[in-house]
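# A closer look at the structure
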Amino acid sequence: MIYPPRCMSCGELTKADFGLCGSCWRDTPFIGGVVCESCGMPLPGEADGHRIECDDCMKTPRPWQDGRAALLYDGKARSLILALKHGDRPELARPAARWMAQAGRDLFRDDMLIAPVPLHWSRLLKRRYNQSALLAQHLGRETGLEVCVDLLVRRLKTPVLDGKTAAERAETLSDAIVPHSRRLHRMQGRDVLLVDDVMTSGATLAVCARACLAAGANHIFVLALARVAKDA
Ligand SMILES: [Zn+2]
Ligand SMILES: [Zn+2]
């Protein structure tokens, strides 16, 4: 059977596989232009050759070097991510990882190790796959960098973080994420790129970054498929 290529958002026929039709492309909020070097948030103004950071990152420095995101978590991007996360559409991870490779092009380093933000096993059973691990695997293929899907694991079942403040999230997450005891050697002295589907406050990524640093990793970078515009 041969299926004609279709837009992965609306299902319209398109020219190429794993893409968006023209109208969905225009309606998808890709992040471009000047961004915060730390969290990938789009910023007004023009690049002047110096490091630019948003107010949040200047106020509370991130435990990682640089961060980027491909999309703003809004409109069509939001529905694509929800489809990837809850809609059992793992095939969306491939084009999504391609966008992430583009958005994260300044982050990649030689011998970097890519690792996803871990999902608790009970949630893994319910969802059948960890969307961040899927993104990490595809990103590895796009960049040629090594991927370790279980570099970090969740020790406790963490409650859903939506609707919590940054402080509450940090509290809930501290000690919840630890390196896999048999994967410790893989990050010794190496730069690690943490991958997540959505970055909100960055609390989960911060916990992951600290866990990697404590375990002997060199520099940590973060790359998300989408960035929530402002922590609610
Ligand atoms: Zn479309
Ligand atoms: Zn920032």
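Predicted model, so just to flag it, every value in this text is computed and none were measured. All residue numbers here refer to positions counted from 1 along the written sequence of the relevant chain. Chains carry letters from A onward and ligands carry numbers from 1 onward, assigned in written order. The predicted origin of the model limits local features to residues at a pLDDT of at least 70 and limits the giving and counting of side-chain atom pairs to 80 or more, whereas totals for whole chains, interfaces and linings rest on all residues. Hydrogens and waters are ignored; side-chain quantities use all the structure's heavy atoms.

## Things to note about the coordination of the zinc ion (ligand 2)
To keep it simple, the criterion reads: The donor set comprises N, O and S atoms within 2.8 Å of the metal, extended to 3.2 Å for Na, K and Ca; water molecules are omitted, so apparent gaps in a site may simply reflect that omission. Geometry is assigned from donor-metal-donor angles: four donors are tetrahedral when every angle falls between 85 and 135 degrees, four are square planar and six octahedral when opposite donors sit over 155 degrees apart with all other angles between 65 and 115, and any other arrangement is irregular. Think of it this way: any DSSP run of H or I at least four residues long counts as a helix, any run of E at least two long counts as a strand, and we number them from the N terminus. Note on classification: 1.4 Å probe, protein chains only; a residue is buried when its accessible area is under 20% of the maximum for its type, exposed when over 50%, partly exposed between these limits.
Those donors, Cys-36 (SG), Cys-39 (SG), Cys-54 (SG) and Cys-57 (SG), are the protein atoms that reach the zinc ion (ligand 2), and they lie 2.3 Å from it. Considering all four donor atoms around the zinc ion (ligand 2), angles at the metal cover 104 to 116° and the coordination shape is tetrahedral. Written as a sequence motif, the donor arrangement for the zinc ion (ligand 2) is C-x2-C-x14-C-x2-C. With a gap of 15 residues between them, Cys-39 in the loop between α1 (22–27) and α2 (55–59) and Cys-54 in the loop between α1 and α2 connect regions that are remote in the sequence. Given a relative accessible area of 0%, Cys-39 falls into the buried group.

## Details of the sheet that holds strand β1 (residues 67–72)
Formally: The rule for pairing is simple: two strands pair if DSSP sees at least two bridges between them. Residue contacts are defined here by distance: any two heavy atoms, one from each residue, within 4.5 Å place the two residues in contact. Axis definition: a line fit to C-alpha positions, over the contact stretch in the case of helices; interaxial angles, taken between N-to-C directions, run 0 to 180 degrees.
Reading across the sheet, the five strands line up as β1-β7-β6-β2-β3 and stay open at both edges, with parallel pairing between neighbours. The strands lining the two open edges of the sheet, one partner per strand, are β1 and β3 (146–147). Two elements, strand β6 (residues 192–199) and strand β7 (residues 220–227), share seven bridges in a ladder whose sense is parallel. Within β7, the position partnered with Met-199 by the bridge is Arg-227. Against the sheet, helix α6 (residues 131–143) engages β2 (113–116), β3, β6 and β7, with an angle of about 130° to β6.

## Remarks on the coordination of the zinc ion (ligand 1)
Only Cys-7 (SG), Cys-10 (SG), Cys-21 (SG) and Cys-24 (SG) from the protein reach the zinc ion (ligand 1) as donors, at distances of 2.3 Å. Relative to the metal, the four donor atoms surrounding the zinc ion (ligand 1) lie at angles of 104 to 116°, and the coordination shape comes out tetrahedral. Sequence spacing among the residues donating to the zinc ion (ligand 1) works out to C-x2-C-x10-C-x2-C. You can see Cys-10 sitting in the segment before α1 and its partner Cys-24 sitting in helix α1, a full 14 residues away along the chain. Using a relative accessible area of 1% as the deciding quantity, one classes Cys-24 as buried.

## A look at the pairing of β2
Neither face of β2 is open: one carries Leu-113 and Ala-115, the other Ile-114 and Pro-116, and all of them are buried. Across four bridges, the pairing between β2 and β6 is parallel. Across the sheet, the residue bridging to Ala-115 is Leu-194, located in β6.

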